[in-house]
Structures are given as C-alpha cells and as structure tokens.
Amino acid sequence: MMYKIPRGTFDILPADSVKWQYVKDIFRKVAASFGYSEITTPIFEMAELFERSSGENSDVVQKEMYRFSDQKGRNFALRPEGTAPVVRSYVENHMDKSGARSKLFYMGPMFRYDRPQAGRYRQFYQYGIELIGSNHPYFDAEVIAIEMNFLKALGLKELRLEINSVGCANCAKDYDEALREYYRPHLNDLCPDCQKRYQQKPRRLLDCKVPSCKVFRKAAPSQLDYLDEDCRLHFAEVLKYLDTMGIAYKVNPAIVRGLDYYTNTAFEVIVDALGAQNSIAGGGRYNALIAEIGGKDTPAIGFAGGFERLLLALEKEGVTLPETVRPKVYAVAIGEEARRAILPILQTLREAGFYAEYNPEKTSFKAQMKAADTSGADYAIILGEDELAQGKLILKNLRDSVQISLDPAEVLHNLSQ
Ligand SMILES: [Zn+2]
Ligand SMILES: [Zn+2]
C-alpha cells in the first residue's frame with residue numbers, strides 16, 4: 001500500500017520551507033512595525049461560529065466547510081477562514097475590557113472543500129490582520145498599508161489596490177431596492193441561487209460566479225451612489241489617508257466581499273502576473289460581526305491573504321527567495337583524533353547560535369573541503385594532526401580564501417556576524 005496525500009493538500013518540503021519561513025518572518029516584521037501582536041487560535045471551532053458569522057446560506061457553510069462531530073456528538077468545523085475565530089477569542093478573553101484597541105495578526109492553515117486548481121487548495125495557508133475597537137478611517141488606511149508594505153518588502157512590484165465602500169445596514173436598504181429594480185426584468189435569466197438572493201440579499205447577486213448571471217453585474221447600480229452621509233464621509237476620509245500615505249488605489253464598485261458581516265471599506269490587492277485569479281489579499285471593515293457573534297457592538301477592520309498565491313506571484317515576477325540556509329562554519333577534520341576533537345568546538349559555535357555543519361562520512365581533506373565549498377559556508381575550520389599537536393586550528397574564510405591559525409577558544413570572536 002502506497003499512501004498518497006489527500007487531494008487538494010500539499011507537503012511543504014524542506015527545500016520550500018526556507019521560502020515559507022522567510023515570507024512569514026517578513027510578515028511578522030511588517031506587522032510588528034505597526035504594533036500588531038500575533039494571535040493563534042485552534043484549527044477547529046464549533047461549527048455554529050461559522051454558521052453564525054458567514055451566514056447559514058453562504059457557500060462556505062453550505063458546501064465548503066469540513067465538518068465533524070467528536071465522541072460526544074459536538075459539531076465542529078475545521079476553520080474555513082481566520083476572522084471569526086479571532087473575534088471569538090477577542091470576545092471570550094474580554095479583550096474589549098482593556099479599553100485599548102486590539103491590533104492582531106495571525107497565520108495558519110484554513111480548510112475548504114473546494115475544487116482544487118492552480119494556487120487553490122483544500123488546506124491552504126493564510127495570513128491576516130485584525131484591528132478591533134476603532135471606526136477611525138485612519139485604521140482602514142493603516143491596515144491596507146500593512147499589506148502593501150508587506151508585499152513591497154517581499155519585492156513584488158506590479159501591485160494594484162482596488163477599494164470600495166459597501167456601506168452599512170442603513171445604506172443597504174436603499175441599495176437593495178435599487179438592485180431589485182435593476183434585476184427585476186432579468187429575473188428569469190438568473191440561476192436558481194440568484195432567484196433566492198433576489199428576495200433575501202440582493203447584494204449577493206453581484207458575486208454570483210455563474211456566467212449568465214455575471215453579465216448583469218457591469219450595468220448594475222453601484223453601492224457608492226447609495227451611501228448615507230456617515231458612510232460617504234468615512235470612505236472619503238479613508239481615501240484621503242491613502243493619498244497622504246502615498247498609497248495608490250483605484251475605486252472599484254465591483255469589490256464586494258462575500259460575507260455578510262462586512263461594512264464600509266472593502267478592498268483587494270491585485271497582482272496582474274497571477275493571470276485570471278489575480279487577487280492576492282482582500283479585506284475590509286466588519287463593524288457588524290462582533291455583536292453578531294455575541295460581543296458588544298465593536299467596530300473592526302482586517303484583511304487576509306493566501307501564502308500559496310503570494311509565493312506564486314513572487315515566482316511569476318521573478319523574485320528569488322532564499323532556498324537554503326548556508327552554514328556559518330563547515331568543519332574539516334583529518335585523522336581519528338581530530339575528528340573527535342572538533343566536536344566540542346562545534347558545540348561552542350552552535351551554542352552561540354551559529355549553524356556549524358559537520359559530515360563524519362567524508363574523511364579525506366579534499367572531499368571535506370569540496371563539501372565545505374558546496375555548502376556555501378562562510379568559513380571552514382580545519383583541524384589536522386599538526387594543528388592538533390600545537391593546540392591550534394585553521395580558520396579559513398571561504399569568500400576570500402584568507403586563513404589564519406588560532407586557538408580553538410578564539411574562533412567565535414573571529415567570525416563575522
Ligand atoms: Zn451607512
Ligand atoms: Zn447566479
């Protein structure tokens with residue numbers, strides 16, 4: 001029996017792990033530069049949390065969630081997205097009591113039963129930001145700036161920010177009416193799902209992926225024309241902050257988020273190199289979510305992005321990422337006695353945090369020096385019979401081939417940082 005990996009999942013092999021780690025490190029750094037702290041929630045939650053937050057009729061809940069019940073018959077789901085769990089934790093841990101805004105980021109696997117395709121998996125990895133506790137338009141711009149800084153720090157160049165406002169429940173009333181009016185003559189041409197949406201949530205008509213429904217989207221009325229005064233002002237302020245921060249954007253009324261709890265600002269970051277599936281991250285305000293799942297009425301904004309598409313975009317734009325970790329020091333030891341004597345020296349280097357490599361299976365000087373070169377190490381430390389007799393060893397800089405003889409205790413201080 002040869003076991004195979006489940007469809008729609010992938011192994012991150014050692015060669016790729018270095019890249020993944022690098023990208024995650026940059027995200028951590030950029031998030032920290034804005035004062036955001038990491039939060040890690042379990043990969044499964046009560047299924048009801050997502051039914052409540054995403055809406056029971058949403059595709060995610062209806063078709064894509066991995067559900068299971070445990071030995072006591074409790075209904076759980078593997079998390080299909082990261083926001084609801086973070087908000088659950090925020091409410092459960094009374095983070096609102098501290099009086100301060102919570103500035104949070106997360107990373108980890110999410111799960112959706114979806115048809116696997118290029119860059120899309122059933123277990124996929126996301127990174128995200130959640131700012132909970134402020135409706136100030138500056139924070140809409142800040143959250144967007146985090147994503148843009150992150151992508152720029154990685155070296156992506158062809159980025160586009162598209163932004164929209166989906167208003168609030170108050171704005172939605174007029175807009176829903178306008179949409180119904182627009183779609184009424186086409187009602188018979190819409191898919192069965194859209195027939196339902198027309199009655200329940202006309203705004204969802206805009207994100208139907210069925211081609212015969214999509215054709216109506218272009219000429220549909222825009223939410224931007226139906227914003228109330230507060231929401232119109234909020235949006236104008238967000239755009240002004242973006243201008244001031246030097247972040248280019250395009251207002252695109254077609255940016256609507258698929259989940260019900262989104263309000264006001266909605267945005268997507270697009271990388272054209274990705275082709276048809278070109279959205280690399282998306283987010284927006286979700287002022288209605290926290291009260292929806294049992295917390296106090298609290299404004300919030302966030303975004304999530306996928307690591308798979310991000311790595312694909314970097315590849316398509318020809319950005320090279322580190323693939324291997326190179327040793328600081330490669331140990332070359334000749335003779336049985338030296339091969340033992342080198343080990344405590346390596347221990348000292350490793351305890352000081354340096355990557356020191358040693359291969360006991362290579363014994364000749366030539367083979368070991370060749371391996372040192374291939375490894376890309378900065379230095380070789382060479383211990384032969386002569387050095388051993390003198391209580392010295394040779395430190396060779398493999399970049400400029402300069403070598404010096406020194407006491408083993410001096411090696412540490414002679415390594416460049
Ligand atoms: Zn409004
Ligand atoms: Zn449809």
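For clarity, every value in this text was computed on a predicted model and none was experimentally measured. (Residues numbered from 1 in each chain as written. Chains lettered and ligands numbered in written order. Predicted model: local features only at pLDDT ≥ 70, side-chain atom pairs only at ≥ 80, totals over all residues. Heavy atoms only, no water.)

## Considerations on the pattern of salt bridges
For step 1, the next point in the chain: This model, assessed by the stated rule, comprises 24 salt bridges.
For step 2, the next point in the chain: Lysine 392 serves as the salt-bridge partner of aspartate 407, at 3.4 Å between the closest nitrogen and oxygen. Placement of aspartate 407 in the segment after strand S16 (403-406) and of lysine 392 in the loop between helix H14 (385-390) and strand S15 (393-397) is noted, with a sequence separation of 15 residues between them.
For step 3, the next point in the chain: For aspartate 407, a relative accessible area of 32% translates into the label partly exposed. (Salt bridge = Lys/Arg side-chain N within 4 Å of Asp/Glu carboxyl O. Helix = DSSP H or I, 4+ residues; strand = E, 2+ residues; numbered from the N terminus. Buried < 20%, exposed > 50% of the residue type's maximum accessible area, 1.4 Å probe, protein only.)

## Concerning the coordination of the zinc ion (ligand 2)
Six octahedrally arranged donors around a metal ideally form angles of 90 or 180 degrees; four tetrahedrally arranged donors ideally form angles of 109.5 degrees.
For step 1, the next point in the chain: At 2.2 to 2.4 Å from the zinc ion (ligand 2) lie its protein donor atoms, namely Cys191 (SG), Cys194 (SG), Cys208 (SG) and Cys213 (SG).
For step 2, the next point in the chain: Metal-centred angles of 105 to 114 degrees between the four donor atoms at the zinc ion (ligand 2) mark the site as tetrahedral.
For step 3, the next point in the chain: In primary-sequence terms, the residues that donate to the zinc ion (ligand 2) follow C-x2-C-x13-C-x4-C. In this pair, cysteine 194 sits in helix H7 (residues 192-200) while cysteine 213 sits in helix H8 (residues 211-214), placing the two residues 19 residues apart along the sequence. (Donors = N, O, S within 2.8 Å, 3.2 Å for Na, K, Ca; no water. Tetrahedral: all angles 85-135°; square planar, octahedral: opposite > 155°, others 65-115°.)

## Describing the packing of helix H1 (residues 14-33) against helix H5 (residues 137-154)
In a pair of packed helices, the angle between the axes and the distance between the axes together describe the arrangement.
For step 1, the next point in the chain: Their axes nearest at 9 Å, the elements H1 and H5 cross at an angle of 140 degrees. One element, H1, and the other, H5, form an angle in the oblique class. Both H1 and H5 take part in a crossing whose hand is right-handed. The segment H1 lies against H5, with Tyr22, Val23, Ile26, Phe27 and Val30 engaging Ile146, Asn149, Phe150, Ala153 and Leu154. (Axes fitted to C-alpha atoms, helices over the stretch in contact; angles between N-to-C directions. Parallel < 35°, antiparallel > 145°, perpendicular 65-115°, else oblique. Left-handed = near helix turned anticlockwise from the far one by under 90°. Contact = heavy atoms within 4.5 Å.)

## A word on the coordination of the zinc ion (ligand 1)
For step 1, the next point in the chain: The protein atoms donating to the zinc ion (ligand 1) are Cys168 (SG), Cys171 (SG), Asp228 (OD), Asp228 (OD) and Cys231 (SG), with metal-donor distances spanning 2.2 to 2.7 Å.
For step 2, the next point in the chain: Donor residues for the zinc ion (ligand 1) sit on one chain with the sequence pattern C-x2-C-x56-D-x2-C.
For step 3, the next point in the chain: Classification of cysteine 171 by relative accessible area gives buried; the value is 2%.

## So, the nonpolar core
For step 1, the next point in the chain: Core analysis: the biggest nonpolar cluster contains 48 residues, and Tyr127, Phe150, Ile280 and Leu310 have the highest contact counts within it.
For step 2, the next point in the chain: If one sorts the elements of this core by residue count, H5 sits on top with ten residues.
For step 3, the next point in the chain: Sequence-distant contacts of leucine 310, defined by excluding residues within four places in its chain, comprise Val23, Tyr127, Phe150, Leu151, Leu154, Leu156 and Ile280.
For step 4, the next point in the chain: Counting residues in each nonpolar core, the second largest holds 24 residues, with Phe50, Ile132, Tyr262 and Ile290 among its members. (Core = buried A, V, L, I, M, F, W, Y, C linked by side-chain atoms within 4.5 Å.)

## Here we look at the packing of helix H2 (residues 47-54) against helix H4 (residues 83-92)
For step 1, the next point in the chain: Between H2 and H4, the shortest axis-to-axis distance is 10 Å and the interhelical angle comes to 105 degrees. Accordingly, the angle class assigned to the pair H2 and H4 is roughly perpendicular. Together, Leu49, Phe50 and Ser53 of H2 and Ala84, Pro85 and Arg88 of H4 make up the contact between the two elements.

## Topic: the pairing of strand S10 (residues 279-285)
For step 1, the next point in the chain: Summarising burial for S10: seven of the seven residues are buried, a large majority.
For step 2, the next point in the chain: Here strand S9 (residues 263-271) pairs with S10 via six bridges, running antiparallel. If you follow valine 269 over to S10, its bridge partner there is alanine 281.
For step 3, the next point in the chain: Looking at chain direction, S10 and strand S11 (residues 300-306) are connected through five bridges and run antiparallel. Opposite arginine 285, over in S11, you have isoleucine 301 as the bridge partner. (Pairing = 2+ DSSP bridges.)

## Notes on the domain arrangement of the protein chain
For step 1, the next point in the chain: Structurally, the protein chain comprises domain 1 (14-168 + 228-316) and domain 2 (329-414).
For step 2, the next point in the chain: Computed from C-alpha coordinates alone, the two centres of domain 1 and domain 2 are separated by 48 Å. (Domains from an automatic or database assignment.)

## Let's talk about the pairing of strand S7 (residues 159-165)
For step 1, the next point in the chain: Extensive coverage of S7 is indicated by the burial of six of its seven residues.
For step 2, the next point in the chain: Inspection of the sheet shows S7 paired to S9 by seven bridges, in the antiparallel sense. Note on S9: the bridge partner recorded for glutamate 162 is glutamate 268.
For step 3, the next point in the chain: The pairing of S7 with strand S8 (residues 250-251) spans two bridges and is parallel. When the sheet's bridge partners are listed, glutamate 162 is paired in S8 with lysine 250.

## Some details on a nonpolar patch on the surface
For step 1, the next point in the chain: Together, Ile43, Phe44 and Phe68 line one region of the surface with nonpolar side chains, adding up to about 240 Å² of accessible area.
For step 2, the next point in the chain: Relative to the helices and strands, phenylalanine 44 is located in strand S2 (residues 44-46).
For step 3, the next point in the chain: Residue phenylalanine 44 is classed as partly exposed on the basis of its relative accessible area, which comes to 37%. (Patch = residues over 30% accessible without salt bridge, like charges linked within 9 Å, V, L, I, M, F, W, Y side chains within 5 Å. Areas by Shrake-Rupley, 256 points an atom, 1.4 Å probe, with all protein chains shown as cover.)

## Notes on the packing of aromatic side chains
For step 1, the next point in the chain: One pass over the full model with this rule turns up 21 aromatic pairs.
For step 2, the next point in the chain: With centroids separated by 5.0 Å and ring planes inclined at 85 degrees, the aromatic side chains of tyrosine 182 and tyrosine 183 adopt a geometry described as edge-to-face. Taken individually, tyrosine 182 and tyrosine 183 each receive the classification buried, so the pair is uniform in this respect.
For step 3, the next point in the chain: A centroid spacing of 6.4 Å and a plane angle of 75 degrees characterise the contact between tyrosine 183 and phenylalanine 216, whose relative ring orientation is edge-to-face. Of this pair, tyrosine 183 sits in helix H6 (residues 169-183) while phenylalanine 216 is found in the loop between H8 and helix H9 (229-244), placing the two residues 33 residues apart along the sequence. Grouping residues by exposure puts tyrosine 183 and phenylalanine 216 together as buried.
For step 4, the next point in the chain: When the ring centre of tyrosine 113 is taken as reference, the NZ or CZ atom of arginine 122 above it lies at 4.1 Å. (Phe/Tyr/Trp six-rings, centres within 6.5 Å; stacked < 30°, edge-to-face > 60°. Lys NZ or Arg CZ within 6 Å of the ring centre and 35° of its normal.)

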